[in-house]
Amino acid sequence: MNRYICVHGHFYQPPRENPWLEAVELQDSAYPYHDWNARITAECYAPNTASRILNPERKIIDIVSNYAQISFNFGPTLLSWLQKNNPDTYQAILDADKKSTERFSGHGSAIAQTYNHMIQPLANTRDKQTQIYWGLKDFEHRFQRRPEGLWLPETAVDLETLEILAGYGIVFTILAPLQAAKVRKIGDKNWQDVSNQRVDPKMPYLCNLPSGKSIIVFFYDGPISQDIAFGGLLENGEHLANRLGTAFAEENKNSQLVHAATDGETYGHHHRYGDMALAYCLYYIESKNLARLTIYGEYLENHPPTHEVRIFPNSSWSCIHGVERWQNDCGCGTGMHPGWKQNWRAPLRGAMDWLRDNLVQIYTDYMPRLIKNPWKARDEYIHILLDRNIDTIDMFCEKHAVRNLSPKEKVTTLKLLEMQRHAMLMYTSCGWFFDDISGIEAIQIMQYAARAIQLANDISTISLEETFISLLERAPSNGPHLKNGAHIYRRFAQPASLDLLRVGEHYALSSLFTDHPETINLYAYTAESKSYERIDLGKQKVAIGKVSITSNATLEQDFISFAVLHLGDHNLTGGARAFLNETLFSEMSTAIQTCFRKGEISDVIRLINNFFGDQTFSIWHLFRDEQRDILNQVFTSAQNEIEASFRQIYEHHYPIMQVVEGLNLPLPNYFSVVVEFIVNTDIRNMLESEDFNPERLQRLADESRQWNLMLDGPRLGFIAHKKIAEHMAGLAASPENIAQMKNIINMLKTLNGLNLNLDLWEAQNIYFSIGKQQAYITKLLTNQDHTLAQQWTETFQQLGEYLRVRIG
């Protein structure tokens, strides 16, 4: 067969992490793709297995597990987030690549990506080098093999970047058709102009570089990729398969590769059920023998380039002006805000460039005193990032240090390396991609810059922040109330800043609500309690202690003494400072405890203020997730009071509401609010209860229809999804349990009456995994009782119908 098809998915979007915590704070999370990525489980990767999903909006869609059949790349920061927060999905991605090597003649589906989505043509040479090196080493660490290809962020390319890729042995990259300038058959003298997307994307091209090196370039099919991403091709998997098939040139008897490339989140997040359409597309292509599915590495092994190409340097797939979208007001934007200008982009880029160059100066001034080759050490820092622990750090220092470093010198070394890491993170492309400097993406890169500035200030006497802010003043926001980049930096970047004292304050406050073990990890820090006393008197609590706080990133350490008082609800006050001496601490602790036991709260507050001076704090000093947790406790208390009042009204006036309903009169709004609140609360409580009562839930469903109530669909749907997944996990532990299956069926049957638009992906995946054991389970039950095995099979099929899954 001379027809080949390849689909590539590019997954980049990193979480919006707090640079000081190195974690996503859920309350502020801008990370939109967890819902899709969580769908990628090991079952989705298994080749040659099929399941059928029946959806309300579609008929029956056959899913062939597909991710071992497509080409894909995941950004290292995204993989790192998945590894911590969704390890099953992370492992499934790795398993998919391993399984793909069996299918594609030893070639893996995964390709590498530069480290943090920096626009390569706009980076300096050293940053290009490190970004590519880190991306390659991250890939090798996770996938346990060398990558053949590498995806460039936004496919932004220049010749220097290609030279570096070729130098590292990268075989190929993928570009957009608009990035091809000229082509010719290898050996010919004359070039053919293929600008304006006229390049033939059905073949690979050799790109010879000025140094004498070369790299192979694939240009994806632009119109098909555009229709997948922004058109309606994912409405129907068969249509997608046929569209891919029509791209082959009938008159061409040579080998042809039709391939598309889009953001991976296209399949499921941007287009609901798009992952299923892709799955059926691949199944349809294979079952109808329309073409052979392949990936880039395998295709190249059998079909080396016959033509060579010259590219347009400084070009990309998402800006028709080259790479101007990331440095100028070129007119490229989301289209969501007509009339807005992006004249903030150039000043933001200028401020970042100024900061980068000054950070380089600090690095080159201080690092040679500690490290033999500072820039090689920065490249090798990736090994610490991939496995950050004392042993890895010691090995790094032993290899690169000019001498045996003292603990303080190790801290300085790590701060300089972290400073450089954040100096690259602050160039993450989405900071310039969207419409305004006040967007969460631009704020994110300003927070990275703030962290780099903080680290620089710790090391040197040079103060960079004032000048940096003055440069940001030149970056106007489209929102008048936000003024400019300087105002946004002060409002959103500076307040996010943390130091060891601030972490100690968080430890003190959170200790009132959580019983901390002696040693606890607080995001990117380790807290070790040295002394702790807590007294609870009703709603009022006081805690006094001292704690060692260590940064896991830099090994910087400090001892913090603290006292914190909780008066109930959100009323928190406290103080913290660097530990001075045992005598002062003991006197403070005794005095505060004595006053608190006597109920002299004003004296407790006075003592805290006297001892800690201006180092006092409140709930606003907690990390965001913990702020939310504490406020939720307050809200729960308030909600219980409201519920008690509403329930009394509901029960007292229910007879008259029945009369109103019997007369076909509309229920007054004040009654509707009460009934809606009570019914939603009762359904939520039922779903969260350990003892699920389908009859009770059915009565509540009937009542919601009776009064034509508006249910809290998103919240109830999420709780129901988790409840079903929890029961399915229990079934997976004992898959032969027929009674458990029947309970889940009853639950689903009742929930269907609530019209919650349930997303059952997690339960469906568990069902599919159980289905793979079906033969074993029925054989096991047949040995006990043949009718039992038959009953299990019938019940399992019935469960599949409610989950909208059929195995076969």
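Here the residue numbers are simple positions, counted from 1 along each chain's written sequence. Only residues with pLDDT of at least 70 are given local features in this predicted model, and only at 80 or more are side-chain atom pairs given and counted; all residues enter the totals for whole chains, interfaces and linings. Excluding hydrogens and water, the side-chain figures rest on all heavy atoms present in the structure.

Moving on: the sheet that holds strand 21 (residues 572–578). Two strands qualify as a pair provided DSSP detects at least 2 bridges between them. The helix count covers DSSP runs of H or I at least four residues long, the strand count covers runs of E at least two residues long, and both are numbered beginning at the N terminus. Strand order in the open sheet formed by 6 strands is 17-18-19-20-21-22, and the pairing between neighbours is antiparallel. The open sheet has two free edges, formed respectively by strand 17 (519–522) and strand 22 (616–617), since each of these has just one partner strand. Any two residues having at least one pair of non-hydrogen atoms within 4.5 Å are treated as being in contact. Only the stretch in contact is used when a helix axis is fitted, and all axes are lines through C-alpha atoms; the angle between N-to-C directions ranges over 0 to 180 degrees. Running over the sheet, helix 20 (residues 500–510) touches strand 17, strand 18 (525–537), strand 19 (540–551), strand 20 (557–566), strand 21 and strand 22 and is turned about 40° from strand 20.

Our focus in this paragraph is the pattern of salt bridges. Salt bridges, as used here, are contacts in which a Lys or Arg side-chain nitrogen is within 4 Å of a carboxyl oxygen on Asp or Glu. Per the counting criterion, the structure on display carries 34 salt bridges. Of the charged contacts, one joins Lys137 and Glu140 as a salt bridge, the two residues approaching to 3.3 Å between their closest N and O atoms. With a gap of 3 residues between them, Lys137 and Glu140 both fall in helix 5 (residues 125–143), about one helical turn apart. Lys137 gets classed as partly exposed once you look at its relative accessible area, which sits at 22%. Within the structure, one salt-bridge network assembled from shared partners comprises Glu643, Arg647, Asp682 and Arg696. Exposure categories follow from relative accessible area, calculated using a 1.4 Å probe and restricted to protein chains: below 20% of the type maximum is buried, above 50% is exposed, and the middle band is partly exposed.

Nonpolar core, defined: a set of buried Ala, Val, Leu, Ile, Met, Phe, Trp, Tyr and Cys residues in which side-chain atoms within 4.5 Å join the residues together. Membership of the largest hydrophobic core comes to 101 residues, with the highest contact counts inside it found for Leu348, Met352, Met446, Phe468, Tyr489 and Tyr525. Per-element accounting of this core gives the leading share, 12 residues, to helix 17 (residues 440–459). Look past the residues within four positions of Met446 in its chain and what remains in contact with it is Leu348, Met352, Ile437, Leu472, Gly485, Ile488, Tyr489 and Ala493. If you look at the next biggest cluster of nonpolar residues, it comprises 63 residues, including Val7, Ile132, Leu150 and Met203.

This part covers the side chain of Glu298. One can find Glu298 in helix 10 (residues 296–302). Of the residues examined, Glu298 reaches a relative accessible area of 1% and is grouped as buried. Definition of a polar contact: a pair of N or O atoms within 3.5 Å, with one able to donate and the other able to accept a hydrogen when the atoms are protein atoms, and with sequence-neighbouring residues admitted only if both atoms are side-chain atoms. A polar side-chain atom of Glu298 sits 3.0 Å from a polar atom in the side chain of Arg292. Within the local environment of Glu298, its side chain forms a polar contact with the side chain of Thr294, the two groups lying 2.6 Å apart. Dropping the residues within four chain positions of it, Glu298 is found in contact with Arg103, Phe104, Ser105, His107, Arg292 and Leu293.

A word on the packing of aromatic side chains. Two aromatic rings, drawn from Phe, Tyr or Trp (for Trp, its six-membered ring), form a pair once their centres lie within 6.5 Å of each other, and the interplanar angle then sorts them: stacked below 30 degrees, edge-to-face above 60, tilted otherwise. Throughout the structure, instances matching the rule amount to 30 aromatic pairs. Ring centres of Phe172 and Phe218 lie 5.6 Å apart, and the angle between their planes is 90°; on these two criteria the pair is classed as edge-to-face. With Phe172 in strand 9 (residues 172–175) and Phe218 in strand 13 (residues 214–219), this residue pair connects regions lying 46 residues apart in the sequence. An identical accessibility class is assigned to Phe172 and Phe218; each is buried. Members of the aromatic cluster, connected to one another through ring pairs, are Phe11, Phe72 and Phe74.

On to the pairing of strand 1 (residues 3–11), then. In terms of burial, strand 1 is a largely internal element, 8 of the 9 residues being buried. Pairing geometry for strand 1 and strand 14 (residues 256–263), over 8 bridges, is parallel. If you follow His10 over to strand 14, its bridge partner there is Asp263. In the sheet, strand 1 pairs with strand 15 (residues 292–293) via 2 bridges, with the strands oriented parallel. Bridged to Tyr4 within strand 15 is Arg292. The pairing of strand 1 with strand 6 (residues 71–74) spans 4 bridges and is parallel. If you follow His8 over to strand 6, its bridge partner there is Ser71.

This paragraph deals with the packing of helix 17 against helix 19 (residues 485–493). Contact pair helix 17 / helix 19: the axes reach a minimum separation of 10 Å and the direction vectors enclose 75°. Judged by the inter-axis angle, helix 17 sits roughly perpendicular to helix 19. Here Ile443, Met446, Gln447, Ala450 and Ile453 of helix 17 come into contact with helix 19, specifically with Gly485, Ile488, Tyr489, Phe492 and Ala493. Polar here means any residue outside two lists: the nonpolar Ala, Val, Leu, Ile, Met, Phe, Trp, Tyr, Cys and Pro, and the charged Asp, Glu, Lys and Arg; Gly therefore counts as polar. For the contact of helix 17 with helix 19, the per-class residue count stands at 8 nonpolar, 2 polar and no charged. Small angles under 35 degrees read as roughly parallel and large ones over 145 as roughly antiparallel, with 65 to 115 read as roughly perpendicular and the rest as oblique.

It is worth spelling out the sheet that holds strand 16 (residues 307–311) at this point. For sheets, the rule is that strands pair by backbone hydrogen bonds, running either parallel or antiparallel. The strand order across the open sheet formed by 6 strands is 9-13-12-16-10-11, and the pairing between neighbours is mixed. This sheet does not close on itself; its edge strands, each paired only once, are strand 9 and strand 11 (192–193). Looking at chain direction, strand 9 and strand 13 are connected through 4 bridges and run parallel. Paired with Thr173 across the bridge in strand 13 is Val217. Together, strand 9, strand 12 (205–208), strand 13 and strand 16 form the strand contacts of helix 6 (residues 159–167), whose direction differs from that of strand 13 by roughly 115°.

Now for the pairing of strand 19. Across the 12 residues that make up strand 19, a large majority, 11, are buried. When strand 18 meets strand 19, the two strands line up antiparallel, connected through 12 bridges. Within strand 19, the residue paired with Ser529 across the bridge is Val547. Sheet topology places strand 19 next to strand 20; 10 bridges connect them, and they run antiparallel. Along strand 20, the bridge assignment pairs Ala543 with Val564. Here strand 19 folds back onto strand 20 in antiparallel fashion, the turn holding 5 residues, of which Leu555 has a positive phi close to 70°.

Let us look at the confidence of the model for the protein. Residue-level confidence of the predictor is what pLDDT reports, using numbers from 0 through 100. Overall, the predicted model of the protein reaches an average pLDDT of 89, with 94% of residues at or above 70. Segment residues 25–66 is flagged for pLDDT under 50; beyond a separation of four residues in sequence, or across chains, it makes 139 contacts in the model.

Here the focus is the environment of Phe172. The class of Phe172 is buried, set by a relative accessible area of 2%. Considered as a pair, Phe172 and Ile215 are 43 residues apart in the sequence and their alpha carbons are 5.7 Å apart. For Phe172, the contacting residues outside a window of four places in its chain are Ile111, Glu148, Gly149, Leu150, Ile215, Ile216, Phe218, Tyr296, Gly297 and Leu300.

Okay, the environment of Ala110 next. Summarising the element assignment, Ala110 is placed in the loop between helix 4 (87–103) and strand 7 (112–113). With a relative accessible area of 2%, Ala110 lands in the buried category. It is 8.8 Å that separates the C-alpha atoms of Ala110 and Ile93, two residues lying 17 residues apart in sequence. When neighbours within four sequence positions are excluded, Ala110 is seen to be in contact with Phe72, Asp97, Phe139, Phe143 and Arg145.

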